[in-house]
Structure formats: structure tokens, C-alpha cells
Amino acid sequence: MEQPDVAASSIVGEIRARVRRPWAPSPRPDPLLSPMTADPNLGYLHRHWELRKTLEPARQRVPAGGVRGAVKVAFNRLNLGSLAPYLDEEQELLAHLVRLVDALAHRCDAIVAAQAAEIDSLRADLVELAARIEAAQVEAAQVEAAQVEAGPSADDG
Amino acid sequence: MAEGRLRTTVVTTEWSGGAEGYLVRRVAAALAMSAEVTVVVADGHRGPAASCADGAFEVIRVPSQAPELRRARLLQEALTVGGGDVTAIPGPVRAELRRLGGSAPGVGQVLRSAAPDAVVVAGHRHEMAMPGVMQGRRTCLLALAVDDLALALSVAEGVGDGWDTILATNSYEADLLRSSLGRSGPALVHNLGSCLERPSGDGPGPAGWVGERSWLVALDDPGSAAVAYLALRFPALAMVVVDPGAGAAVVVRGRHRRVEAPISRRWMWELMAGAVATLDLRPAQVLPREVLESLMLGTPVVVAAASGAARRCAEEANAGLWYRDPPELAACVARMLDRHSRDALGAQGRCWATAAHANQDTFVRATRMAVLGHS
């Protein structure tokens, strides 16, 4: 069979090997960090920091009758009365700790969001820069082609 | 009616303009050379008016009920977006798709009274209500498979089963049918070719109208992004953007559109004959008619790599280039500006297209053999 003068498939292969595609940044990695504010442990702290609720049943309990009941009530009052300042302090400490953890979680999430926004902005700037460079290259190639088509000028000697 | 001639009925929804209608009319005309042909057109309520082709055949129009083809197509595409598996579409949804496709129950009645020896069903979008009527007759399906999706859905519905012969009009479609329907035997799938009118590029020449020494013919919507991209990449080259369906052409150069005019097919051929290349930027077509016409005129083509039949034509003819994305499209156009490559590809295309797609005798013989069982 006679060989064709020009093989279309080889031209296409040559074009595919040669064509430069517009620059694009590599794919953005999926965010690996889940928000700290959604952490289940933080939720637990919010639900359980209030310890007074735990003591409330002992304070509210109706005393049983008889000597045994009276002793029990007296013992409870003595205990709670002597420990109350300490427990209040501890309650305040826990509340502050939970607030601090909460603020840290919000701060962490804000830092991650700001970082992601900065990366996105940087990538957008890079894409725009690449587009400008490519447009300048195309324009330069067209000017060069037009000069070749126009032929040598008198200035060229 | 002549005694002893076979009677053939062509049942179709595609009898108006467009590539599908063109192919169906070609098949009907080829059969009419040795058989009595009746064409049953399943129209929508507001179907196309009678065309000049109606005068050449006995045409019976049967109303089709509630065809909502556009909605059916959109639903199909939504269900298979991202290359989804068509067979995974649940049965009730498939039934809804069939309902949207409409039905033409009157076709069965017409076939019973016509009692043809052979039936050709062109296209497969309608339920023709023909079970039982087809028994004892030679049955042929002119598939008009535009893409893998339509065909895959048809296969899932079993549309490809039960035919004596399945007809294709180019090698791409034939291969698609064989692989999708699982029929490797060439006897079941026949490639008829497309029997195009041989175009003539002779004429006063449209160069004055274009107003440039050299131009490209681009088949697309003048407002498309691809046209704008090419116009900016090749500001020194005029582009005649032709929309064959609308019969209109626009000359685009750089950022300017200069001439906008209605255009006849003959004028389009003259434009193609004088062009550097013909770019077919449209989605895949059943029949890449303009690509073949351009090749017959000796003008090479640039087509999308995913354009199915058009890309196959460019490959088989060794007369066209295909692109995957805009940078490759621009590189293909730049390559066509090389006179040696362009002329060599054009000459190869003219030889191939004229032999493979403009031989009326071959088409008529193949059609008769496939449908009537003799040439």
C-alpha cells in the first residue's frame, strides 16, 4: 500500500507532545484539620463544667426520720458547709479553664481559616500572573510572525 | 402498484430537516429503486409540515402521543452524569424515560393494513406499539446512534434485540453498535455509508464577500467561546463562521464581526473549497455531513477528539486533525497554515471521501442487500 504523503495521526501526536498547556497550580489538598470548635471533647466540657448540679441532690434531700436521719443531715451540712468555699473556687477555676479552651479552639480555627484564605489568594495571584505571561508570549509570537510575513525591511540592510 | 415488487415500510420520527432526516430519506430513496416504499412518520401534535420529500413517497403521518424528547434527554444526561452506569438506573425511572419519549400506537394499525415484506425503523426514541405486527417480516433498525449514552440506554432497554439487521451509516456508528449490542457478526450490523451528494466548489468565488486572501470555515455558533478564542489567537486570519442549521454565516476577524448573511449550501461549499481548513467545533453528530463535504472538496478538517463519527472520518481519510482542548485546537489550525501539510491532507481527504461516501451505487446496493436481502 502506498504511504500517504502526510500522516494525520503523526501530526496529532506531534502537536500533543509539543503543545504547552496554560499553567495551573497543583490541586489544592483537602483540608486535613477539622474545626477545633466541633471537637466532641469541647462539647463534653461545655456540658459538664457545672459541678454544683452534682451536689444539688445532697442539699435538696429530704431527711429521713429518727436519730439516724438527723445524724446524716447534720453530717451532710457540716461537710458541705466546710467544703463550700473550696468547691466554689474549684467551680470558678473549671469555668475559666473551659472558657480558655473554648477561646483557644476559636483562635485555632480562625488561624486555619486565615491561612487557607491566604493560600487561595496566593494561588489566584499565581494563576493570573501565569495568564499574563502566556498572553505576553502569544503577543510576542504574533508580532514575530507578522514581521516574518512582512519580509525584511530597508533598515535591515 | 407494480406486481411482484417487494413492499417496504419505513417507520420514522425523523423526516424533517437535519442529518437524521437526510439519512432516512436516502435509505427510503435507495429502497424505492427496487421496492414499493411507504413512509410512516410518527409526528408530535405539532409535528413538521409536509416537506417536498413527501411527494416522492407514499407518506402516512401518525400522531405520536406526548413526546417530550428534550425532557427525556435532559433526564438521561442527569442520570448518567460523569459516565454513570445506565444499567444502574432503576426500572421505574426507565419507565418514566420511555413515557417521556412518547408513543405512536397508530403505527401498528398502519403496518397491519400495509402488510409490508420488510420494515425499517429509523431511530429508536419512540415506542411504536408494534409487537406482533413485526412477526413474519424482515425487520431492520436504522439506529442513528449519535453517542454512547443514547446507545447504552437503548441497550439497557433491550432496544437492540429482535432485529434481523441493524443499519449504520458510518464505521464509527457500526463499531459502536457492534460493541454495545454485543453482536460481533458483520451480518447483523451493516455499514451502509452515507451517500452524500458530491459538492461542487466551483463558482464565482466568495473571496470578495469574505474580503480576505485566506480564511477558515468554522462550523459553530458565531458566539461560541471557541470562535472567540481562535479569532484572538489568529488575528491575521479571517474566520467564516457557518451555522448550517440556521443557514447563516458571519465573518469574524480578531474582535470584529464584519459580514452577517444568510447562506445557501452551495455557497457554503464554495467557502469550504477556498478555505485553509474546515473546523467542526460542534458536538458529535450522527452524520458528519459538512466534514465529509469539506473532504470531498479537498479541504482538510479539524474536529474535536470526542466528536465520534467526525473524528473517525478525519482519521480514516488521513485528512484531518483532532484536538482535545483549546491549545491543541490552536496548534492544529497553526499546522494547517503550513501549505504542504494542508494540501497533502486535502488531497488524501478528497480521494477517501469521494470513494467512501459519495458512491450512490454502493449505497443503494448495500441498502437493498441489508433490507431486502438482495442487491
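The rules we used
Residues numbered from 1 in each chain as written. Chains lettered and ligands numbered in written order. Predicted model: local features only at pLDDT ≥ 70, side-chain atom pairs only at ≥ 80, totals over all residues. Heavy atoms only, no water. Helix = DSSP H or I, 4+ residues; strand = E, 2+ residues; numbered from the N terminus. Buried < 20%, exposed > 50% of the residue type's maximum accessible area, 1.4 Å probe, protein only. Areas by Shrake-Rupley, 256 points an atom, 1.4 Å probe, with all protein chains shown as cover. Contact = heavy atoms within 4.5 Å. Patch = residues over 30% accessible without salt bridge, like charges linked within 9 Å, V, L, I, M, F, W, Y side chains within 5 Å. Salt bridge = Lys/Arg side-chain N within 4 Å of Asp/Glu carboxyl O. Pairing = 2+ DSSP bridges. Axes fitted to C-alpha atoms, helices over the stretch in contact; angles between N-to-C directions. Polar contact = N/O pair within 3.5 Å; in protein donor to acceptor, adjacent residues only side chain to side chain. Core = buried A, V, L, I, M, F, W, Y, C linked by side-chain atoms within 4.5 Å.

**Section: the overall build of chain B**
- Each helix and strand in chain B was counted, giving 14 helices and 14 strands.
- Within chain B, the proportion of its 375 residues that are buried is 53%.
- Total accessible area computed for chain B in this model is approximately 15700 Å², and 52% of it derives from carbon and sulfur atoms.

**Section: the overall build of chain A**
- When helices and strands are counted, chain A shows four helices and zero strands.
- Counting from the amino terminus, helix and strand elements in chain A follow one another as α-α-α-α.
- Looking at the 157 residues of chain A, the share that counts as buried comes to 10%.
- A separation threshold of at least 6 residues defines the contact pool for chain A, and within that pool the share at least 24 residues apart is 89%.
- Working note: accessible area of chain A is about 12800 Å², and carbon and sulfur atoms make up 62% of it.

**Looking at a nonpolar patch on the surface**
- Together, W23, L122, L126, V127, L129 and I133 of chain A make up a nonpolar patch on the protein surface, roughly 550 Å² of accessible area in all.
- Residue placement: L129 of chain A occurs in helix α4 (residues 66-150).

**Looking at the sheet that holds strand β11 (residues 256-262) of chain B**
Residue and element names in this part refer to chain B.
- Pairing is mixed across the open sheet formed by seven strands, whose spatial order is β11-β10-β9-β8-β12-β13-β14. Looking at which strands have only one partner, the edges of the open sheet turn out to be β11 and β14 (320-323). For this sheet, the mean inter-axis angle between neighbouring strands, taken without regard to orientation, is 20°.
- Relative to strand β12 (residues 278-280), strand β8 (residues 215-219) is paired through three bridges, and the arrangement is parallel. For A218, the partnering residue across the bridge sits in β12 and is L279.
- Relative to the sheet, helix α9 (residues 265-274) contacts β8, β9 (238-243), β11 and β12, its axis offset from that of β8 by approximately 130°.

**A few points about the side chain of D280 of chain B**
Residues and elements named next belong to chain B.
- Summarising the element assignment, D280 is placed in strand β12.
- A relative accessible area of 4% means that D280 is categorised as buried.
- Here R282 takes part through its side chain, which lies 2.9 Å from a polar atom of the side chain of D280.
- The contact partners of D280, leaving out residues within four places of it in the chain, are L219, V291, V302, V303, A304 and Y323.

**Side note on the nonpolar core**
- Of all hydrophobic cores here, the largest spans 81 residues; its most connected members are L279 and L321 of chain B.
- If one sorts the elements of this core by residue count, helix α1 (residues 18-32) of chain B sits on top with eight residues.
- Residue contacts for L321 of chain B: discarding those within four places in its chain leaves A8, I11, V12 and I15 of chain A together with V301, V302, V303, C332, R335, M336 and L345 of chain B.
- Counting 20 residues, the second-largest nonpolar core is a separate cluster that includes V11, L141, A174 and L181 of chain B.

**Overview of the pattern of salt bridges**
All names here are of chain B.
- This model, assessed by the stated rule, comprises 15 salt bridges over all chains.
- Residue E293 is joined to R265 by a salt bridge in which the shortest nitrogen-to-oxygen separation is 3.1 Å. In this pair, E293 is assigned in helix α10 (residues 289-296) and R265 in helix α9, connecting sequence segments 28 residues apart.
- On the basis of relative accessible area, E293 is assigned to the buried category, the value being 1%.
- When the shortest N-O distance is used, the salt bridge between R289 and E293 registers 3.4 Å. Taken as a pair, R289 and E293 lie in helix α10 at a separation of four residues, close to a single helical turn. Of the two residues examined, R289 and E293, each falls in the buried class.
- Residues participating in the shared-partner salt-bridge network are R265, D280, R282, R289, E290 and E293.

**Concerning the environment of E197 of chain B**
All names here are of chain B.
- Within the secondary structure, E197 sits in the loop between β7 (189-191) and α7 (207-210).
- Assessed through its relative accessible area of 41%, E197 is described here as partly exposed.
- The spatial distance from the C-alpha of E197 to the C-alpha of A358 is 6.3 Å, given a sequence separation of 161 residues.
- When residues no more than four places from it in sequence are discounted, the contact partners of E197 are Y22, R26, W269 and M296.

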